[in-house]
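Coordinate inspection notes
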Amino acid sequence: MRLDLQATVAKRLDEPNEDVCGTLPFRHRYALSDGATESFAPRQWAQVVVQAFLDRQAVDRDWICRASARYARGFDRVKMSWIAQAAFDRGSFATLLGLTLDPGRRTAQVLGIGDSLAILGDSRGIQAKFPYQTAIQFRQRPLLLASHLANNARLLAPGAMAQATVQWSLRGLHDPVLLLVTDALGAWLLSDPAARWVRLLRLRNRVQLDSLVRAERACGRMRCDDTTLLRIR
Amino acid sequence: MSYDAEISRNNPTCFLFLIDQSGSMDEKIPAIGKSKAQFVADVLNKTLYQLTIRCSRAEGVRNYFEIGVLAYGDNIVRSGFGGELSEGVIHPISAVADHPLRVEERTKTVDDGAGGFIKQSTKFPIWFEPVMSGNTPMCAVFRQAAEILVDWCDRHPDSYPPIMINVTDGQSTDGDPELITDQVKLIDTQNGDCLVFNLHVDTSDDEPVVFPVAESVLPDQFGKMLFRMSSPIPPNLLPVARDYYPGTADGARFFAYKAGIEAIVNFFEIGTRASNLR
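Let me sum up the structure you'll find in this document. (Residues numbered from 1 in each chain as written. Chains lettered and ligands numbered in written order. Predicted model: local features only at pLDDT ≥ 70, side-chain atom pairs only at ≥ 80, totals over all residues.)

Time to look at the overall build of chain A. Scanning chain A from N- to C-terminus turns up seven helices and 12 strands. Principal-axis analysis of the C-alpha atoms places the extent of chain A at approximately 55 × 40 × 30 Å. Burial analysis of chain A (233 residues in total) assigns 43% to the buried set. In chain A, the share of contacts with a sequence separation of at least 24, taken over all contacts with a separation of at least 6, comes to 70%. (Helix = DSSP H or I, 4+ residues; strand = E, 2+ residues; numbered from the N terminus. Buried ≥ 20, exposed ≤ 12 C-beta atoms within 10 Å, placed from the backbone. Contact = placed C-beta atoms within 7 Å.)

Residues and elements named next belong to chain A. The strand order across the open sheet formed by five strands is β2-β3-β5-β6-β10, and the pairing between neighbours is antiparallel. Each of the sheet's edge strands pairs with one partner strand only, and the pair in question is β2 (19–24) and β10 (165–169). Recorded for the sheet is a direction-independent mean angle of 15° between the axes of neighbouring strands. Contacting β2, β3 (29–34) and β5 (96–102), helix α1 (residues 42–55) runs over the sheet at an angle of about 20° to β2. (Pairing = 2+ DSSP bridges. Axes fitted to C-alpha atoms, helices over the stretch in contact; angles between N-to-C directions.)

Glancing now at the interface of chain B and chain A. Across the contact, 18 residues belong to chain B and 19 residues belong to chain A. Among the secondary structure elements, those contributing two or more residues to the side of chain B that touches chain A are α1 (36–54), β4 (56–57), β9 (102–111) and β10 (117–126) of chain B. Looking at which element gives the most residues to the side of chain B that touches chain A, the answer is α1 of chain B, with four residues. Taken together, the residues of the side of chain B that touches chain A break down into eight nonpolar, four polar and six charged. (Nonpolar A, V, L, I, M, F, W, Y, C, P; charged D, E, K, R; others polar.)

As a further point, take helix α7 (residues 206–218) of chain A. Residues and elements named next belong to chain A. For α7, which comprises 13 residues, the first-to-last C-alpha distance of 18 Å matches the rise-based estimate of 18 Å (1.5 Å per residue) to within 8%. Every buried residue of α7 is accounted for by Leu209, Leu212 and Val213. What you see down the axis of α7 is that its buried residues fit within an arc of 95°, all on one side. Residues of α7 that are exposed and angled more than 90 degrees away from the buried face: Val207, Ser211, Ala215 and Ala218. On its buried face, α7 sits against β1 (3–9), α6 (193–202) and β12 (227–232). Two residues or fewer past α7, Gly220 is found with a positive phi of approximately 80°. (Expected span 1.5 Å × (residues − 1). Arc of directions from axis to C-beta.)

Note that all results are geometric; they support no functional claim without further evidence.
Encoded structure:
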């Protein structure tokens, strides 16, 4: 399997997209992170999170410490205004959706922190989703990776990472496809999964995703948010 | 009337705080040795600080919110902001962030990320000073708030509706404010009617009544009137209210009666938790 479409549509044309994705094809590793709007520097944190996953897929205390340190090196707190300092102290937050394929065993392992969504399907339709199963779950406040270690206590609790991980077998699937998407597209897909799965499979390029997202936003069926799709098949 | 609009820079929402500055706000809260006016001012400054932080990014402050403070007491209603912000009542959050009255240096203890704690210098802005004098012109302040909110909704028809938070410790001295409040609650955007939240502060040890669902649980006519003047908690804030007060029922009013320090802090925290920022 290989990446056959990577596309993103920003919520605004005049600002950087806060979704970040990265791939390491020779290790069959893919990562997607959605920086939270209520953050000091969401794009920078999402970039650090994606790179950290591509470097090492096991997220633990040491992983977060190293990522936090790398993020903090980008800023000089002492020189900040009071408002920037306060926002920096509050931190940045992001999702992490990490996918690792094992071609030999024909498995896909997904790490899902937050509300970015992985979907496994084939020619018959959607076969599995993670971490959410229904569109309504996107209304919850997701638990996100925080740039300050102290704000990650729930993620570092015993068993939390195991709960955030799933392994899918690709055996028996005819022409398997994996999608990694950020929340606006995930909620849209799960609102009408059968029809919309087919629409996402038919996309041929970035321009077509851009047209789909703008049309669905315009008629109120998709939230106006940064929207990213990685398709692997 | 779904209260689900995304809050963005194109469609910001508005918080309008009405703060009672009548003479009775001078009364001390025994547990903390501060007057009601001082404690409410502290909580309001903290709330403004947190709202500005929510909108602050490495590249600057995003105008997701517009903020106003109306102070009422001693027969007058005036903007509760001073300095550069005293002109006009409603200001974008970036202007609020740029113009505190002063910024104080404080020290706080934070996790050092390695199992210990360190002292860290932090700056805390002050926008609102406590004042307490004279009577409680509640009708006048609600009338002025209504004019401001009509204008605001006309300019922001697609926005999440404005939230008006009235903080008082006593009865109106210029008439019955209930009729005017009913009119305020009819001001709307396409996403819902204006929300009116009432917080009654008190220094007694009585258990506060927080988010009641019926006026019958309130002990007196004044409490019952403030209940009727308060909006039901909108659907998007119900889960937040239940995080703090698990028994909060569907249809409960956004109202707290005889609130002490904990209920005052919680009320501001829940009332300003409009989410869905984009």
